[in-house]
Amino acid sequence: MTKPVLIQAKNSSSIDRLTSFVPDSFAITWEMNGDFKLSLTTWNDGSPAYANLSVENTIKYDGSEYVIKQATPDYSQGIETLSISATHVYSEVGQIYQRKVKKGDANYTPTDILEYFFKDNKLGFSYNVIGNFSKQKITDLGNCSAKDALSKILELWSDCVIYPVGRVIKVYTRDNFFKNYGHRIDYLNSASEINFEYDSTDIVNQVRAVGPTFEKTVTTGDSSKLSGATTAVNGDWGPAIRYAAKLMGVKISDANVNKIKDLIQHESGGSETVVNNSDSNAAAGHPSKGLVQFIQSTFNAYMVKPYTNILKGFHQLLAFFNNSNWETDMKLGGWGPTGSRRRDSIIHEKTTVAGTGAKKVIADAKKYLGVPYVWGGHNKSNPRAGMDCSGFVSQVYYDFGINIPAYTVSMEKYGHTVSTPQIGDMLFYGAHGSSHHVALALDSKTMIYEPQPGQSCRMEPISYYPPSWIARNDDMAKIVADNNDSGNNDDNSGEDATTSTTTTENYFEPFIVQDDESIKKWGLHPGGDVSSDTIKNKDEMKKWVLTQLKPDPTLSIKATADNNDPVTPGDIIRLEIRPKQFVSNMGVVGYEYHPFSKTSRTSITLNQTAKTILDYEKSRNKNIQTTKNSSISQATDNSSGQETWTDEEVNQFGSGL
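Being a predicted model, the structure only gives us computed values, none of them experimental.

What's the story with the overall build of the chain in this structure? I'm lost.
Summing up its helical and strand segments, the chain has 18 helices and 29 strands in all. Across the 657 residues of the chain, 44% fall into the buried class. Across the chain, the fraction of contacts at a sequence separation of at least 24, relative to all contacts at a separation of at least 6, is 64%. Total accessible area on the chain stands at roughly 33,000 Å², and carbon and sulfur atoms take up 47% of it.

Next comes the structure, spelled out in structure tokens:
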């Protein structure tokens, strides 16, 4: 007995049964990780159910809900009909929007993502994860709909299957989705038609594997790398005193410079290496040393790294100014620091560090890491919805009030050619006037860009993809050169003056991964880069990338059953085509089901797997050999009066089958 078709208006508890529809028109279609729809054609019988067949109302059938998205009326010969197309209610998860954002990079499982989006939702949706999933890195999770979240799950775990049961969103590993229930399709016995479509268009058997990167900071800093005086100039320690005070954020008067010079003369006579072995400190086992005669323990308490050599006068001057009471403690004879330690590092010299402008440009560009590539995407009001390469560069410029087009060729004229990139420069790929890709420089060695469809904004060394040429926009260059850090060189603000160089390093160099058997069989079919932001081991990366290749042609098989019985998604069915000697176990990945029709038959789409390809090739080769043997037999039959064929002629004939 067929189940009833029920109609419910939005925001109403009333449910009416629909009876006025064409049985053959009622169809349910499902495609794995794709469409899940119901369609039908009905006529106006004046019933409440017909009256409620309008968009956003619900059709309920066999435990599932479908939301009407298209309702197309037709009037002919006095009869009013309505064609209905409805999607499974799980597509309504787009109405769940998570406006909060978990900032930064973090590793998540599908369960983590679903919990973040579906917890306490008002639409009655829940979820269930079946199988074990490894964690994947996501940048800035949130600020999108639950539907976007499901798409992200499919992107990151390409082997997973999302299948809704009512309002329960089930996420399976492939192994947990496909199950063998003992069903069989036998051509000419239980199936009237089998369609094979063999397609080599999407073969990919060689790619480049690109792993994650990390930022490496190398810090250097000793007196030889500083730009001011660090020793006595013609016997005068005054310039070094002023320079040390500047690096320690101390404002010093001429009078105090002279007092310190007098202190130096009194304590050491200007010698950086003198050791006093005759006073009470020496008798206690810790003699005073150097320019202003620190004892080692006191020097250790006030020194600033990496300026830690007690026998270098400039290092002692830095420690001297690191005493909060330096001015009152300064006296001839028996001086010693009594104040607190002021700093752990010296102040960056303004002539050697990037200003706030450069830092702001870098930070602004990095905030788009993880934004998906969308061809033509450059919505300035909602950039996180997706951007393409030129849209991304245009967006960063726009964030600083610089308007340039979001098209590579058009943006070329907004910069002049330079030989070495700096922060904010545009890296073009392709000749002038015909560029086809663009990235943004984060420094002379690192770029940030939107790669290609299916990938997201990321950083990489420029050496991975050297640009064809580099363009500098003068307005952006002014922003990058802006050096208006708060304060000035003479106050207590600033940064560690040791020179810090940050570069983007890779855990392993990009390398080629290929399927040798596929190349031998089908020829070389290279594809784009396959990248991971989480796999840091080269061998693990190779193992994973091999699973992402498409080494064989796709084999799409659609079977038309001899009945209109329902099928189970993921059911592994034994398919037999005896005339072609083909036998293979294949999973149901789609169907079209007509529960009310007496003439339409259920159409089943079966999956393509490596084993299916082998089974197909095996049966095909058997049939070729059978035909070839038959041809040889006929060709060598002299009773017809024809001459016997040569082996060469037989092989040539056979190869054409």
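I would appreciate a short explanation of the sheet that holds strand β15 (residues 206-210) in the present structure.
Strand pairs in the sheet, formed through backbone hydrogen bonds, run parallel or antiparallel to each other. The strand order across the open sheet built from three strands is β24-β15-β25, with neighbouring strands paired in mixed fashion. Edge positions in the sheet fall to β24 (511-514) and β25 (530-531), since each has one partner strand and no second. Pairing analysis gives two bridges linking β15 to β25, with the strands arranged parallel. In the strand pairing of β25, V210 is matched with S531. Strands in contact with helix α16 (residues 538-548) are β15, β24 and β25; relative to β24, the strand with the most contacts, it is inclined by about 45°.

I'm lost on the confidence of the model for the chain in this one. Help?
Any region with low pLDDT has predicted coordinates that should not be read closely. Of all residues in the chain, 86% attain a pLDDT of 70 or more, and the chain-wide mean is 83. A low-confidence stretch, residues 219-224 (pLDDT under 50), is modelled with 14 contacts involving residues beyond four sequence positions or located in other chains. Contacts of residues 485-500 to residues separated by more than four positions or lying in other chains number 49 contacts, the stretch itself having pLDDT below 50.

In this structure, what is going on with the packing of helix α11 (residues 356-366) against helix α14 (residues 474-481)? I would like to understand it.
A packed helix pair is summarised by two numbers, namely the angle formed by the two axes and the spacing between the axes. Direction vectors running N to C along α11 and α14 enclose 115°, while the axes themselves pass 5 Å from each other. The orientation of α11 relative to α14 falls into the category roughly perpendicular. Contacts between α11 and α14 involve G357, A358 and V361 from the first element and M476, I479 and V480 from the second. Of the residues contributing to the contact of α11 with α14, the split by class is five nonpolar, one polar and no charged.

Before we go on, may I ask you to explain the sheet that holds strand β12 (residues 168-172) in this structure?
Strand order in the open sheet made by the three strands is β9-β12-β11, with mixed pairing throughout. Edge positions in the sheet fall to β9 (126-130) and β11 (161-165), since each has one partner strand and no second. Each neighbouring strand pair of the sheet contributes to a mean axis angle of 20°, computed without reference to strand direction. Relative to β9, helix α2 (residues 110-118) is tilted by about 175°, and along the sheet it contacts β9 and β12.

Mind showing me how you'd approach a nonpolar patch on the surface here?
Where nonpolar side chains cluster on the molecular surface, the patch consists of V22, W43 and I79 and spans about 260 Å² of accessible area. Relative to the assigned elements, I79 resides in strand β7 (residues 79-88).

Would you explain the pairing of strand β27 (residues 572-577) in this entry?
Moving residue by residue along a regular strand, the side chains alternate between the two faces of the sheet. As paired elements, strand β13 (residues 184-186) and β27 share three bridges and run parallel to each other. Along β27, the bridge assignment pairs I185 with L575. Two strands pair when backbone bridges link them, and β27 and strand β28 (residues 582-593) are joined in this way by six bridges, in the antiparallel orientation. Bridging across to β28, I573 finds its partner in M586.

Explain α14 to me, please; I cannot follow it from the model alone.
Because the α-helix completes a turn every 3.6 residues, residues three or four places apart line up on one side. All buried positions along α14 are accounted for by M476, A477 and V480. One side of α14 holds all its buried residues, which, seen down the axis, span an arc of 100°. Close packing links the buried residues of α14 with α11, α12 (389-399) and β22 (469-472). Where α14 begins, the side chain of N473 points an oxygen toward the backbone nitrogen of D475, at a separation of 2.9 Å.

Which parts of the structure should I look at to understand the packing of aromatic side chains?
Between two aromatic rings, the relevant description is the distance of the centres plus the angle of the planes. Overall, the coordinates contain 27 aromatic pairs when judged by the stated rule. With a centroid separation of 6.4 Å and 45° between ring planes, the pair formed by W30 and F177 is classed as tilted. Remark: F177 occurs in helix α4 (residues 174-177) and W30 occurs in strand β3 (residues 27-31); sequence separation between them is 147 residues. No difference in accessibility class separates W30 from F177, as the two residues are buried. Measuring from centroid to centroid gives 6.3 Å for Y163 and F177, while their planes differ by 55°, and the two rings are tilted. One end of the pair, Y163, is in strand β11; the other, F177, is in helix α4, and 14 residues separate them in sequence. F177 carries the same exposure label as Y163, and that label is buried. Site record: aromatic cluster; members linked through ring pairs are W30, F36, Y66, Y163, Y172, F177, F178 and Y591. In this arrangement the basic side chain of K538 is found over the ring face of F511, its NZ or CZ atom lying 4.9 Å from the centre.

Any chance you could explain the nonpolar core here in plain terms?
One finds F26, I59, F117 and F118 to be the most contacted residues of the largest nonpolar core, which totals 70 residues. No other element matches the six residues that β28 contributes to this core. In this view, F26 contacts V5, F21, L38, S39, L40, Y61, Y593, H594, P595 and F596; residues no more than four positions away in its chain are not counted.

Got a minute to help me understand unusual backbone geometry in this structure?
Note on backbone geometry: most residues besides glycine have negative phi, and most peptide bonds are trans. Residue P306 is reached from K305 by a cis peptide bond, and omega for that bond is 5°. With respect to the helices and strands, the residue P306 is situated in the loop between α8 (296-302) and α9 (313-321). Although it is not a glycine, E56 adopts a positive phi angle of roughly 80°. Note that E56 resides in the loop between α1 (48-51) and β5 (58-61).

Just checking my understanding: could you explain the pattern of salt bridges for this structure?
If charged atoms from side chains of opposite charge come close, those side chains can pair. Evaluation of the coordinates by the stated rule reveals 16 salt bridges. Residues K261 and D236 are paired through a salt bridge, measuring 3.1 Å at the closest nitrogen-oxygen approach. With a gap of 25 residues between them, K261 in helix α6 (residues 254-267) and D236 in the loop between β16 (213-220) and α5 (238-247) connect regions that are remote in the sequence. Among the ionic pairs, K367 bridges to D399, the shortest N-O distance being 4.0 Å. Here K367, found in the loop between α11 and α12, pairs with D399, found in helix α12; they are 32 residues apart in sequence, far enough to count as distant. By relative accessible area, which is 40% here, K367 ends up partly exposed. A network of salt bridges, in which partner residues are shared, links E56, K69 and E92.

Scoring rules and cut-offs
- Residues numbered from 1 in each chain as written.
- Predicted model: local features only at pLDDT ≥ 70, side-chain atom pairs only at ≥ 80, totals over all residues.
- Heavy atoms only, no water.
- Helix = DSSP H or I, 4+ residues; strand = E, 2+ residues; numbered from the N terminus.
- Buried < 20%, exposed > 50% of the residue type's maximum accessible area, 1.4 Å probe, protein only.
- Contact = heavy atoms within 4.5 Å.
- Areas by Shrake-Rupley, 256 points an atom, 1.4 Å probe, with all protein chains shown as cover.
- Pairing = 2+ DSSP bridges.
- Axes fitted to C-alpha atoms, helices over the stretch in contact; angles between N-to-C directions.
- pLDDT = per-residue confidence, 0-100.
- Parallel < 35°, antiparallel > 145°, perpendicular 65-115°, else oblique.
- Nonpolar A, V, L, I, M, F, W, Y, C, P; charged D, E, K, R; others polar.
- Patch = residues over 30% accessible without salt bridge, like charges linked within 9 Å, V, L, I, M, F, W, Y side chains within 5 Å.
- Salt bridge = Lys/Arg side-chain N within 4 Å of Asp/Glu carboxyl O.
- Arc of directions from axis to C-beta.
- Polar contact = N/O pair within 3.5 Å; in protein donor to acceptor, adjacent residues only side chain to side chain.
- Phe/Tyr/Trp six-rings, centres within 6.5 Å; stacked < 30°, edge-to-face > 60°.
- Lys NZ or Arg CZ within 6 Å of the ring centre and 35° of its normal.
- Core = buried A, V, L, I, M, F, W, Y, C linked by side-chain atoms within 4.5 Å.

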